[in-house]
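One letter stands for each residue in the lines below.
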Amino acid sequence: MTSGTGPRGRPGAGRGLPERGLLLLLVLVLLEGSVVFPLGAASSPDVDPRGHSEDRAVAEESQNYSKKAFPVLSLDYHHIHVPFEIALWVLLASLMKLGFHLIPRLSSIVPESCLLIVVGLLVGGFIKLAGEKVPPVLDSQSFFLCLLPPIILDAGYFLPIRPFMENLGTILMFAVVGTLWNAFFVGGLLYAVCQIQPGNPSDLHNLELLPCLLFASIISAVDPVAVLAVFEEIHINELLHILVFGESLLNDAVTVVLYHLFEEYSGAGTVTILDGVLGVISFLVVALGGVLVGAIYGFLAAFTSRFTSHVRVIEPLFVFVYSYMAYLSAEMFHLSGIMALIACGAVMRPYVEANISHKSHTTIKYFLKMWSSVSETLIFIFLGVATVDGPHSWNWTFVTVTVLLCLVSRVIGVIGLTFVINKFRIVKLTTKDQFIVAYGGLRGAIAFSLGFLLEEKHFPMRDMFLTAIITVIFFTVFVQGMTIKPLVELLAVKKKQEAKRTINEEIHTQFLDHLLTGIEDICGHYGHHHWKDKLNRINKKYVKKCLIADERGREPQLIAFYHKMEMKQAIELVESGGGFKPPSALPSTVSMQNIQPKKPAAAKPVQRALPQLPKGREEEIRTILRSNLQRTRQRLRSYNRHTLVADPYEEGFSDFIIKKQKIIELEKKIIHMNNLTLPAAPPDSPTLCRARLASGTETDFKPAQQQKGKQSSPDPQAYRPKRDSVPTIQVDLASPQSPDSVNLMDEFRANGSRREEEEDQGLTMRPRGEDGRREQLTRCLSDPGPSADEDEDEPFLP
Amino acid sequence: MEAPFRFDQQTCLCTTPLSVSAYYSAQNTRLEASEKRTKGSKINISLEQIKNLHKRFQQLSGDEDTISKENLESIPTLANNPIRKQIIGAFFDKRNQHRGEAGSCDQIGFEQFLMVMSHFRPPTLKMTAEEKEAMRREKLRFLFNMHDTDNDGTITLVEYRKVVEELLSKSGSIGQEAAEAIADAAMLEVASTNVPTMGPDDFYEGITFEHFEQILKGLEMESRMHIRFLDVDTTTMRCGKSTS
């Protein structure tokens, strides 16, 4: 049976690929559903100790023994059922994710989270239809220990520190005071409503204040998973995003404390003032303790990554394991695990990133994204399944009042808090902002799991609570989640700028930081900038020295940014296919020569040494290049379990890329030369121009280009000849058989008519000195050189 | 609290129409006048802030009426600032005094000091879009003037290189090596965003103010370039000077 289900799942996926729309998706769901419920039939889920299936297995076994024949094929589903079912769920989640992206129109109307919940409902419905018990998929253990951490780590690791810190006060205000307000407002009024019910003697009267408050504290916290899922799709501006998202992360501490506090005392029945004080202390311990635990593990991770330069393969693992340890350690003491994870991720990131290799960084990025998106998908599906499953007790009054109170308290809370916060904020929150913050307060699976955790015997109303929680979650995710996008459009709330950060912005961000620090110093006012500056200096002076192995990792932020940008563009260049497309979006023809100040040197004719290759020589170079190219490929292919690539290229990854591209270009160039074609000049690539400047030494080159008047193309200086790993081809000028195959560029341009004549008299080169000449020539030969524009000038080669 | 307030016209080297305040005798009326006048020139700094700043001013100048470059240079916390020279220079730059003059002066009085400080005031919620825009331009102009040292209306490559060099001046030799490359890259970026099609023989002379505005659009200068005057209190004020 099991062998049958696997293949049945696959064709479903295959058929889904041609975009046949919703219908096929439903088929897929059906298939998946049918996959799931026979499994449920085969082995009853975790709650139920495996009853009949075990019996069957035993029976089978005894049958085998009685026959005394060797079982050629035996079935032991029970043996694998747990991992198998987990794998099936993950597969379902991934296929769903895949499916939604095949139907772009659907996902533009309905947020993914809603669709996933619907899928969960359907799957749960099928399981129910099959008459099986639905597995308690969203039980608190698996949720808090497996599903939640990846999402939070992803959020923490990629937390935009700057906006987060700049708005920390506001975020804390919303997270702490706002959540407290929500909890007490909803709890109190809910209790009041339960009491006033004239002439309707329902069991709501039995509800006491503390369970009400407990319920309210569960329901009042904004959920990071739901917020992330919705806000990522609406592309709201950075400020609002960090406000809502930061709140959802930091309110965890409040929720944890309130939850434990009320759970503890709802048995006792009363809360004294002392308990209140203890609660406040407990809150501080939970929050700060969580951050401390996270920071410790973060620093440990950073310190460990300092020594991983020889075992690059396991580098990413440290990030994950240390973070998970931080989470578990925090949970162990009932500290805020979420805050620990956030702190851990945020603390380790800058140091780890400086230490690990580029590939490890990519690995971390992808792993985190993969895990968190699968977790998120699973959580929403499970939410749907759990809804079908759960024992519900629907109470119109309770549910309606809860939903209404949640909305009202959120709105009042946000407006009231903003009023206070705006007195201190420089960038005030406008009414629109307040609306989005209030409206973005989505509830999610954390609330459900916390509710699930309640014990039936202490809380007789648990089922009603769960129903109400699910209703609130559904209301926020469906109604608010679906309408927030049109509302954002309608209100014309500022969107996130998609543009990448430019180098000018980076320069001025730094400049502004120093300027404001300086002005603060002049004012004699020790404000934010002053302390930030101090912290930065300590960080640079001591912490970085301890935690970062590589000298280069300690370079100032601006330089690091510059290098990163360079590298990114180089990679894009290569990925875009040999570098004949502009890497950036802007189709600009501006090149370095346009901005170089015209030096007096530019006026006089410049020696522009250009090699003219004789046929034999060219063939020779080509073979050298080809063999080189092949060798790098081979080196890449060689597989080793412990290292990814043969060593020299691992470090100089960018060099490697640029080099590879150069080789390809040179090959092209040679081909062009042979075919006597005049290729169009390639669009200018800023990277390479920048890179050329980076080498810094060849000032004599730039005027040459200016003279030539061609726009610059990918050119030799992009690639620094000083690196050892580079194959350079030495051409000995002194040797007789190497012809003086060099001409002068500008001479050429000046009178193209003289070409034949020039060819006759041979090609000459007039550099200033022997050293200079050799350097220039080797540079030209070792690199592909300014390919296209040179081509244009060399059509007279036979 | 009651700091002595002497404002003598004789010692005020930067003659300004604003220095009429010297004729006022009572210190508060004088400060209020200051406030009025600064309000007149669209500077919204409250009296309280002016008082605080004035205290600081006297502290820095050693109870003189004017302040010199040396006074500012001696602030110990400023010593670590990589762009210290430019910051101090900005205070003595006449372009930042709203008087349509160029060049720099050796000493400035309190009102000029206020003028420069006023570039760092935060926007308010009540501001209209135009006011915000004006404020943004004013702040950008301040930055632009800091870069454009020769006051020719453009930031040339040489000037820009200098800026980046200064910015990286505290980071040792790596900084110096990279500075030029970064400045060039940045300049190239400016040129290609603003003048996307350039002939091969064209020459991009430098960043004009319009281009400068264009490239820093994303930074939301009007809200970012500010410090909290309000928090300036007398206890922390001492730290800067007296601990030296």
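Given the structure is predicted, the values throughout are model-derived calculations rather than measurements.

> When you look at the overall build of chain B in this model, what are you seeing that I'm missing?
Per the secondary structure count, chain B includes eleven helices and four strands. Relative to its 244 residues, chain B shows a buried fraction of 53%. Excluding contacts between residues fewer than 6 apart, the proportion of contacts in chain B whose partners are at least 24 apart in sequence is 57%.

> Before we go on, may I ask you to explain the overall build of chain A in this structure?
Along its length, chain A carries 33 helices and two strands. Here chain A holds 798 residues, and 53% of them are scored as buried. Excluding contacts between residues fewer than 6 apart, the proportion of contacts in chain A whose partners are at least 24 apart in sequence is 82%. For chain A, the computed accessible surface area is about 36,500 Å², with 64% contributed by carbon and sulfur atoms.

> What is the right way to read unusual backbone geometry from this model?
Apart from glycine, the bulk of residues carry a negative phi angle, and the bulk of peptide bonds sit in the trans form. All names here are of chain A. Of note in the backbone geometry, His-235 takes a positive phi value of approximately 50 degrees without being a glycine. Mapped onto the secondary structure, His-235 falls in the loop between helix H11 (224-234) and helix H12 (238-268). Its relative accessible area of 35% is what places His-235 among the partly exposed residues. Positive phi, close to 55 degrees, is recorded for Ala-492, a residue that is not glycine.

> Is there a simple way to explain the packing of helix H17 (residues 396-424) of chain A against helix H20 (residues 462-491) of chain A in this structure?
Helices that pack against each other are described as a pair by the angle of their axes relative to one another and the distance between those axes. All names here are of chain A. Running from N to C, H17 and H20 cross one another at 50 degrees; their axes reach a closest spacing of 9 Å. Taken as axis vectors, H17 and H20 run oblique relative to one another. Where H17 crosses over H20, the two elements pack in a sense that is right-handed. When H17 is examined against H20, the residues Phe-398, Val-399, Thr-402, Val-403, Cys-406 and Leu-407 are found in contact with a partner set consisting of Met-464, Phe-465, Ala-468, Thr-471, Val-472, Phe-475 and Gln-480. When grouped by side-chain class, the residues that make up the contact of H17 with H20 number ten nonpolar, three polar and no charged.

> Looking at this structure, how should I read the pattern of salt bridges?
Per the counting criterion, the structure on display carries 15 salt bridges over all chains. The partner of Arg-537 of chain A in a salt bridge is Asp-533 of chain A, with the nearest N and O atoms 2.5 Å apart. In this pair, Arg-537 of chain A and Asp-533 of chain A are both assigned in helix H22 (residues 528-547), four residues apart and thus about one turn of the helix distant. The exposure class assigned to Asp-533 of chain A is buried, which follows from its relative accessible area of 15%. As a salt-bridge pair, Asp-184 of chain B and Arg-161 of chain B come within 2.9 Å of each other at their nearest N and O atoms.

> Just checking my understanding: could you explain H22 of chain A for this structure?
The α-helix winds at 3.6 residues per turn, so residues separated by three or four positions along the chain end up facing the same way. At Asn-539 of chain A, H22 of chain A shows its strongest bend, of approximately 40 degrees. Within H22 of chain A, the full set of buried residues consists of His-529, His-530, Asp-533, Asn-539, Lys-544 and Leu-547 of chain A.

> How should the UniProt feature "domain: EF-hand" (unreviewed entry) in chain B be read in this particular structure?
Summarizing the sequence annotation, UniProt attributes the feature "domain: EF-hand" (unreviewed entry) to residues 135-170 of chain B in the numbering used throughout. Helix makes up 67% of residues 135-170 of chain B and strand 6%. Its end C-alpha atoms lie 31 Å apart.

> Would you mind going over the packing of helix H13 (residues 273-305) of chain A against H22 of chain A with me for this structure?
Residue and element names in this part refer to chain A. As a packed pair, H13 and H22 sit with axes 7 Å apart at the nearest point and diverge in direction by 60 degrees. Overall, the two elements H13 and H22 adopt an arrangement that is oblique. Mapping the contact onto sequence places Phe-299, Ala-302 and Phe-303 in H13 and Val-543, Cys-546 and Leu-547 in H22. Its residues assigned to classes, the contact of H13 with H22 comprises six nonpolar, no polar and no charged.

> Explain the packing of aromatic side chains here, please?
When we look at a pair of aromatic rings, we describe it by the centre distance and by the angle of the planes. This structure, assessed with the given rule, holds 27 aromatic pairs over all chains. Taken together, a centroid distance of 5.4 Å and an interplanar angle of 80 degrees make the contact between Phe-144 of chain B and Phe-209 of chain B edge-to-face. With Phe-144 of chain B in helix H6 (residues 129-147) and Phe-209 of chain B in helix H9 (residues 209-215), this residue pair connects regions lying 65 residues apart in the sequence. Neither Phe-144 of chain B nor Phe-209 of chain B differs from the other in exposure class; each is buried. Sitting over the face of the ring of Phe-452 of chain A, Arg-462 of chain A holds its NZ or CZ atom 5.2 Å from the ring centroid. A cation sits over an aromatic face here: Arg-141 of chain B above Phe-209 of chain B, 4.0 Å from the ring centre.

> Help me understand the state of the cysteines, please; the structure alone is not making it clear to me.
Joining two cysteines, a disulfide is a covalent bond between their sulfur atoms. Under the defined criterion, the tally for this structure stands at zero disulfides over all chains. Take Cys-212 of chain A: it sits in no disulfide, and the sulfur closest to it among the cysteines is that of Cys-194 of chain A, at 4.7 Å.

> How should a nonpolar patch on the surface be read in this particular structure?
A cluster of nonpolar side chains, namely Ile-273, Leu-274, Val-277, Leu-278, Ile-281 and Val-285 of chain A, defines an oily patch on the protein surface of about 590 Å² accessible area. With respect to the helices and strands, the residue Val-277 of chain A is situated in helix H13.

> Got a minute to help me understand the confidence of the model for chain A in this structure?
Close reading of the predicted structure is inappropriate where its pLDDT is low. All names here are of chain A. Chain-level statistics for chain A give a pLDDT mean of 70 and a share of 61% at 70 or above. Of all secondary-structure elements in chain A, the lowest mean pLDDT belongs to helix H1 (residues 2-16), at 36, while helix H14 (residues 315-332) reaches the highest, 92. Confidence drops under pLDDT 50 across residues 598-613; counting only partners more than four residues distant or on other chains, this segment forms 58 contacts. Ignoring residues within four places in sequence, the model shows residues 632-638, a span with pLDDT below 50, making eight contacts including any to other chains.

> Please clarify how the environment of Val-321 of chain A should be interpreted in this entry.
All names here are of chain A. Inspection of the secondary structure puts Val-321 in helix H14. With relative accessibility at 41%, the residue Val-321 sits in the partly exposed group. Between the alpha carbons of Val-321 and Ala-301 there is a distance of 8.8 Å; along the sequence they are 20 residues apart.

> Hey, could you run me through the side chain of Asp-148 of chain B in this one?
Within the secondary structure, Asp-148 of chain B sits in the loop between H6 and strand S3 (154-155). Not counting residues up to four positions away in its chain, the partners in contact with Asp-148 of chain B are Arg-95, Gly-153, Thr-154, Ile-155 and Glu-159 of chain B.

> Help me understand the environment of Glu-233 of chain A in this model?
All names here are of chain A. Within the secondary structure, Glu-233 is located in helix H11. A C-alpha to C-alpha distance of 9.9 Å links Glu-233 and Gly-481, two positions 248 residues apart in sequence. Those residues in contact with Glu-233 that sit more than four places away from it in its chain are Ser-107, Pro-111, Glu-112 and Lys-485. A distance of 3.2 Å separates a polar side-chain atom of Glu-233 from the backbone nitrogen of Glu-112.

> Help me understand the environment of Ser-169 of chain B in this model?
Residues and elements named next belong to chain B. Structurally, the position occupied by Ser-169 is in the loop between helix H7 (157-167) and helix H8 (172-194). What makes Ser-169 partly exposed here is its relative accessible area of 34%. Note: C-alpha distance between Ser-169 and Ala-179 (ten residues apart in sequence) is 9.0 Å.

> When you look at helix H9 (residues 168-195) of chain A in this model, what are you seeing that I'm missing?
For H9 of chain A, with 28 residues, the first-to-last C-alpha span of 39 Å sits near the 40 Å given by 1.5 Å per residue. Where H9 of chain A bends most, the angle comes to about 30 degrees, and this point is Gly-178 of chain A.

> Honestly, the confidence of the model for chain B in this entry has me stumped. Any pointers?
Residues and elements named next belong to chain B. Averaged over all residues, the pLDDT of chain B is 69; the fraction at 70 or higher stands at 67%. Mean pLDDT across the secondary structure elements of chain B bottoms out at helix H11 (residues 234-242), with 37, and peaks at H6, with 83. In this model, residues 1-26 is a region of pLDDT below 50 whose contacts with residues beyond four sequence positions or in other chains number 52 contacts. The low-confidence segment residues 230-244 (pLDDT under 50) makes 29 contacts with residues lying over four places distant or belonging to another chain. Overall fold confidence for the complex sits at a pTM of 0.68, while the interface term, ipTM, reaches 0.79.

Definitions and limits used
The written sequence of each chain sets the order in which its residues are numbered from 1. All chains are assigned letters beginning at A, and all ligands numbers beginning at 1, according to the order in which they are written. pLDDT decides what is reported in this predicted model: residues at 70 or higher carry local features, side-chain atom pairs at 80 or more are listed and counted, and totals for whole chains, interfaces and linings draw on all residues regardless. Based on all heavy atoms of the structure, the side-chain values leave hydrogens and waters out of the count. The secondary structure listing takes helices from DSSP runs of H or I that are at least 4 residues long and strands from runs of E that are at least 2 residues long, numbered from the N terminus. To sort residues, take the accessible area from a 1.4 Å probe on protein chains only and compare it with the maximum for the residue type: under 20% means buried, over 50% means exposed, and anything in between is partly exposed. Only heavy atoms matter for contacts: two residues are in contact if any of them lie within 4.5 Å across the pair. In short, Shrake-Rupley with a 1.4 Å probe defines the accessible areas, and a residue's cover is counted only from the protein chains shown. Axis definition: a line fit to C-alpha positions, over the contact stretch in the case of helices; interaxial angles, taken between N-to-C directions, run 0 to 180 degrees. Angular relationships are summarised with four words: roughly parallel below 35 degrees, roughly antiparallel beyond 145, roughly perpendicular across 65 to 115, and oblique for the angles in between. Note on convention: near helix rotated counterclockwise from far helix by under a right angle means a left-handed crossing. Clockwise means right-handed. Residues are grouped as follows: Ala, Val, Leu, Ile, Met, Phe, Trp, Tyr, Cys and Pro are nonpolar; Asp, Glu, Lys and Arg are charged; every other residue, Gly included, is polar. The rule for a salt bridge is simple: a side-chain nitrogen of Lys or Arg has to be within 4 Å of a carboxyl oxygen of Asp or Glu. Throughout, bend refers to the angle between the axes fitted to the seven residues that end at a position and the seven residues that start at it. UniProt positions are given in the numbering used here, feature names are shortened, and annotations may be inferred rather than shown by experiment. Side-chain rings of Phe, Tyr and Trp (the six-membered ring for Trp) are treated as a pair once their centres are within 6.5 Å; stacked means planes under 30 degrees apart, edge-to-face means over 60, and tilted covers the remaining angles. By definition here, charges over rings are those cases where NZ of Lys or CZ of Arg is within 6 Å of the ring centre and within 35 degrees of the ring normal. Disulfide assignment relies on a single distance test, namely cysteine sulfur atoms paired within 2.5 Å. Here, patches come from residues exposed beyond 30% relative accessible area and free of salt bridges, joined within 9 Å for like charges and within 5 Å for nonpolar side chains (Val, Leu, Ile, Met, Phe, Trp, Tyr). pLDDT: the predictor's confidence for each residue, scored from 0 to 100. Polar contact is defined as a pair of N or O atoms within 3.5 Å, subject to the rule that within protein one atom must be able to donate a hydrogen and the other to accept it, and that residues adjacent in sequence are counted only when both atoms are side-chain atoms. Under the convention used throughout, the expected extent of a helix is 1.5 Å for every residue step, that is, one less than its residue count.

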